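Structural characterization, general
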Amino acid sequence: MAFSHDQCEQESLEHAKRPSSPPPFLLKTYMLVDNPATDGIISWNADGTAFVVWQPAEFSRDLLPTLFKHCNFSSFVRQLNTYGFRKVATSRWEFCNGMFRRGERELLSNIRRRREWERKSSLRRSNSIQARNAANEPVVLHEAEDDRGSSLAPSSSEYSNMLDENKRLKRQNDALHSELKNMKTKCKQLHDLVEGLRRSAEVGQDENERPKLFGVRLEVAGEKNRKREAAEIVSEKVHVLLSQSIHS
C-alpha cells in the first residue's frame, strides 16, 4: 500500500524531463488516488471525474508520510485548494478538478497554482504561525514544493461546517438544560410531598393543612399509625423513583 521515496523521486524526475511537467504535488496525489491497493482509503469516484478520501485518519497516518514530509490532512486539503480543487460533497471528502481525471494523467500539466492565493498566502501563514506559537501549539513545517503558499486558515466550507456543528451543540445544550430544570422542579415537589406526609403522621393536621401536589390537596387518613405507615410507604417509593430518575 505504501510508496517508497525512491519510487516517487524516480517518477517525478521522469516527468520533470517532459515539457510542461506537472507540479510534484499533483503527481504524488495522482499516484495515491490511482493505486488500487489503497482504494479502501482513497480512490476515484464512480465516473473517475473526482476522488474521495474515504478514511481521512488512515490516509493521514499511513499514506501521506510515504510521499509527503508530513501527515497533516488539513494541509493536504489546503494544497488542493491552491490548485483549484473543489470539495463537491458535504457528506464525504470528495474533491474535483476538471483536469484531474482517471486515465488522463497528461492533463495534470494544465493545472496551475492560483496566483491570488500565492500573493496572500505568505502573510496568512506568518500570522497563523504567530497565533499558534502564542497558544503553545506545535507548528508543522512542510516541504517547500508541496506546502509553499498554503494557508493555515480553514476553507470556507470547513468554517461553515464548524458553525453548523456549533449551533447543533448549542441546541442540544439548551435542551439538556431545560430537561435538568424540569427534573429539579419535580424532585423538589416530590421531596415536599414526602416531608408533608411525615409531618402529618407525627402531628395532627386539620383539613386546610393537608399537603398539596401540583395544587391538589391529598387525602390523609385519620389514624396516626396509619398515617405514619402510609408516609413510610410513599417515602420509600419516592426514593426509588428519584434513584431511577438520577441513573436514567
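Predicted model only: the values in this text are computed from it and were never measured.

Let us now look at the pattern of salt bridges. A complete count under the given rule lists six salt bridges for this structure. Among the ionic pairs, Arg92 bridges to Glu94, the shortest N-O distance being 2.8 Å. Glu94 sits in the buried class, given a relative accessible area of 8%. The salt bridge involving Asp192 is made with Lys188; its shortest N-O contact spans 3.2 Å. Here the residue Asp192 and the residue Lys188 both occupy positions in helix 7 (residues 156-202), the gap between them amounting to four residues, near one helical turn. Owing to a relative accessible area of 54%, Lys188 belongs among the exposed residues under this scheme.

Right, let's get into the packing of aromatic side chains. For any two aromatic rings, the description comes down to two numbers: the centre-to-centre distance and the angle of the planes. All chains considered together, the criterion is met by 16 aromatic pairs. On the numbers, 5.4 Å between centres and 40° between planes, the contact of Trp44 with Phe100 is tilted. Here Trp44 is found in strand 1 (residues 42-44), whereas its partner Phe100 is found in the loop between strand 4 (93-96) and helix 5 (115-134), with 56 residues between them in sequence. For Trp44, a relative accessible area of 9% corresponds to the buried category. You can call Phe100 buried: its relative accessible area is 1%. The cationic tip of Lys87 hangs over the ring face of Trp93; the distance from NZ or CZ to the ring centre is 4.9 Å.

As a further point, take the UniProt feature "domain: HSF-type DNA-binding" (unreviewed entry) in the chain. Mapped onto the present numbering, the UniProt feature "domain: HSF-type DNA-binding" (unreviewed entry) falls at residues 64-88. Strand forms 8% of residues 64-88 and helix 56%; the C-alpha atoms that close the span are 22 Å apart.

Membership of the largest hydrophobic core comes to 27 residues, with the highest contact counts inside it found for Phe51, Phe59, Phe76, Phe85 and Phe100. Elements that contribute at least two residues to this core include exactly helix 2 (24-34), strand 1, strand 2 (50-53), helix 3 (56-67) and helix 4 (73-82). The greatest single-element share of this core, amounting to seven residues, is contributed by helix 2. Once you skip the residues sitting within four places of it in the chain, Phe76 turns out to touch Phe25, Thr29, Phe51, Phe59, Leu64 and His70.

Here the focus is the packing of helix 2 against helix 3. Two packed helices can be described by the angle between their axes and the distance between those axes. For the pair helix 2 and helix 3, the least separation of the axes is 10 Å and the interaxial angle reads 130°. When the interaxial angle is binned, helix 2 and helix 3 end up oblique. Judged by the twist between their axes, the crossing of helix 2 over helix 3 is right-handed. Contacts between helix 2 and helix 3 pair Lys28, Met31 and Leu32 from the former with Phe59, Leu63 and Leu67 from the latter. Looking at the contact of helix 2 with helix 3, its residues break down into five nonpolar, no polar and one charged.

Turning our eyes to something else, we now look at the side chain of Thr66. Tracing the chain through its elements places Thr66 in helix 3. Here the side chain of Thr66 touches Leu63 through a polar contact of 2.5 Å, landing on its backbone oxygen.

Moving on: helix 4. Burial analysis of helix 4 places nine of its 10 residues in the buried class, the great majority of the element. Within the sequence span of helix 4, burial applies to Phe73, Ser75, Phe76, Val77, Arg78, Gln79, Leu80, Asn81 and Thr82. You can read the cap of helix 4 off the contacts: a side-chain oxygen lies 3.0 Å from the backbone nitrogen of Ser74, and it is on Asn72. Gly84, located one to two residues past helix 4, shows a positive phi value of around 85°.

Cut-offs used in this document
- Think of each chain on its own: its residues are numbered from 1, step by step along the sequence as written.
- Totals for whole chains, interfaces and linings use all residues, but because this is a predicted model, local features are given only for residues with pLDDT of at least 70 and pairs of side-chain atoms are given and counted only at 80 or more.
- Side-chain metrics rest on all non-hydrogen atoms present in the structure, leaving aside hydrogens and water.
- Basic side-chain nitrogens of Lys or Arg form a salt bridge, by our definition, when they fall within 4 Å of a carboxyl oxygen of Asp or Glu.
- Whether a residue is buried, partly exposed or exposed follows from its accessible area with a 1.4 Å probe, protein chains only, as a fraction of its type maximum: under 20%, in between, or over 50%, in that order.
- Secondary structure elements are defined from DSSP: runs of H or I of at least 4 residues count as helices, runs of E of at least 2 residues count as strands, and each element is numbered from the N terminus.
- We call Phe, Tyr and Trp rings a pair once their centres come within 6.5 Å, taking the six-membered ring for Trp, and we label the pair stacked below 30 degrees between planes, edge-to-face above 60, and tilted otherwise.
- For a lysine, the NZ atom is tested; for an arginine, the CZ atom; a charge sits over a ring if that atom is within 6 Å of the ring centre and within 35 degrees of the ring normal.
- UniProt positions are given in the numbering used here, feature names are shortened, and annotations may be inferred rather than shown by experiment.
- Here the nonpolar core consists of buried residues drawn from Ala, Val, Leu, Ile, Met, Phe, Trp, Tyr and Cys, with membership extended through side-chain atoms lying within 4.5 Å.
- When checking whether two residues touch, look at their non-hydrogen atoms; a contact exists if any pair is within 4.5 Å.
- For helices, the fitted line uses only the C-alpha atoms of the stretch in contact; every axis is such a line through C-alpha atoms, and the angle between N-to-C directions lies from 0 to 180 degrees.
- What sets the label is the angle itself: under 35 degrees gives roughly parallel, over 145 gives roughly antiparallel, 65 to 115 gives roughly perpendicular, and the rest give oblique.
- The sense of a crossing depends on the near helix, which, turned anticlockwise from the far helix by less than a right angle, makes the crossing left-handed and, turned clockwise, makes it right-handed.
- Residues are grouped as follows: Ala, Val, Leu, Ile, Met, Phe, Trp, Tyr, Cys and Pro are nonpolar; Asp, Glu, Lys and Arg are charged; all remaining types, including Gly, are polar.
- Two N or O atoms form a polar contact when they lie within 3.5 Å of each other; inside protein one atom must be a possible hydrogen donor and the other a possible acceptor, and for residues adjacent in sequence the pair counts only when both atoms belong to side chains.

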